[in-house]
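So the chains spell out like this:
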Amino acid sequence: MDDFQLLMKLHIEDERQGPGGLAETRRAIEFAGLTTSHSLKIADIGCGTGASTLVLAQELDAKVTAIDLFSEFLEVLNTKAQKAGLKNILTKAISMDSLPFAQEELDVIWSEGAIYNIGFKNGVNLWKPYLKQGGVLAVSEITWLTNHRPKDIDDYWSAAYPEIATASEKIRILEESGFKLLGYFPLPISCWSENYYAPLQSRFSSFLEQQGNSKEALQLIEMEKNEIELYEKFKDYYSYGFYIAAKI
Ligand SMILES: C[S@@+](CC[C@H](N)C(=O)[O-])C[C@H]1O[C@@H](n2cnc3c(N)ncnc32)[C@H](O)[C@@H]1O
């Protein structure tokens, strides 16, 4: 099993595959000014098992195309949608850098904790043509909360994701790319600790058992533990920022 498959297997049982929360998805919907007064065409990109997709499909009058690289995540989402009686979600197992939409087809592009896979600036510019004028881009992205921070955490994130930056820098990129900011908020600690890390941690030992304590599985869990430890120690310095912007 390759590293990606192993990562997928570790995360597939969780409600979400990254930091976030239902309240925060709803807050971003409010910032975006989305209501049920119009029927909307939405893409949820890098949706995982669909924590945000389900909120969008349930609470708006929308057709939601949910996109992820892993068909296994999308199968889980399809089952959840079926259980909830939702018929307005279409899943597509494709890469976020080759989207299947026509120019200006979408009212909304949503993406929680996933745009980093192709880089924030690249993703914003790559996805923009698919949005109608006035259409909304809502993305969450790892963000420095302070302009200065301890060297250890600066080194870690600068190596893991060199595009990590403060909110003002991310907002400048959005503005330079032809977007008008509608709202920004950093995800609270609960989105990391309670919603993401706690359920993940609770399954570490069963996952290792399932994987026969393979070297690869042990390495993956060590990596996850290290990430969690760093978050606990340095959570004052970074979070995901939720950026909501309209295409000018
Ligand atoms: C951190 S998870 C976030 C998932 C979900 N949005 C959430 O908040 O729970 C990132 C997601 O991006 C997906 N992904 C990674 N690279 C991708 C690509 N090139 N195209 C589409 N999805 C991708 C992963 O499979 C994963 O589901």
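In what follows, the structure referred to is the one given above.
Residues numbered from 1 in each chain as written. Predicted model: local features only at pLDDT ≥ 70, side-chain atom pairs only at ≥ 80, totals over all residues. Heavy atoms only, no water.

Peer 1: Quick question: what am I supposed to make of the side chain of Glu112 here?
Peer 2: Turning to its location among the elements, Glu112 is positioned in strand β4 (residues 106-112). Among the polar contacts listed, one links the side chain of Glu112 to the side chain of Trp110, at a separation of 2.9 Å. Beyond its immediate sequence surroundings of up to four residues, Glu112 is in contact with Arg16, Thr25, Ile45, Gly46, Ser52, Ser140 and Phe242. (Helix = DSSP H or I, 4+ residues; strand = E, 2+ residues; numbered from the N terminus. Polar contact = N/O pair within 3.5 Å; in protein donor to acceptor, adjacent residues only side chain to side chain. Contact = heavy atoms within 4.5 Å.)

Peer 1: Can you help me understand helix α5 (residues 120-127) in this one?
Peer 2: The α-helix winds at 3.6 residues per turn, so residues separated by three or four positions along the chain end up facing the same way. Listed as buried for α5 are Phe120, Gly123, Val124 and Trp127. Taken around the axis of α5, the buried residues stretch over an arc of 100 degrees, which confines them to a single face. Buried residues belonging to α5 abut β1 (40-45), β4, β5 (131-144), α7 (167-176) and β7 (179-186). (Buried < 20%, exposed > 50% of the residue type's maximum accessible area, 1.4 Å probe, protein only. Arc of directions from axis to C-beta.)

Peer 1: Honestly, the nonpolar core in this entry has me stumped. Any pointers?
Peer 2: Among soluble globular proteins, nonpolar side chains are generally buried collectively. Counting residues in each nonpolar core, the largest one holds 78 residues, and the members touching the most others are Ile42, Trp110, Trp127, Leu137, Trp192 and Tyr238. Not counting residues within four places of it along the chain, the set of residues in contact with Trp127 comprises Ile45, Met96, Leu99, Ile109, Ser111, Ile115, Ile118, Leu137 and Val139. (Core = buried A, V, L, I, M, F, W, Y, C linked by side-chain atoms within 4.5 Å.)

Peer 1: Honestly, the site of the ligand in this entry has me stumped. Any pointers?
Peer 2: Around the ligand, 17 residues are found, and the nearest of them are Gln17, Gly46, Asp68, Met96 and Glu112. Between Met96 and the ligand, the recorded distance is 2.8 Å, taken from a backbone N or O atom to a nitrogen atom. Summarising the interface, the protein chains cover 90% of the accessible area of the ligand, which totals 590 Å² for the free molecule. Taken together, the residues that form the shell around the ligand break down as seven nonpolar, seven polar and three charged. (Near = heavy atom within 4 Å. Areas by Shrake-Rupley, 256 points an atom, 1.4 Å probe, with all protein chains shown as cover. Nonpolar A, V, L, I, M, F, W, Y, C, P; charged D, E, K, R; others polar.)

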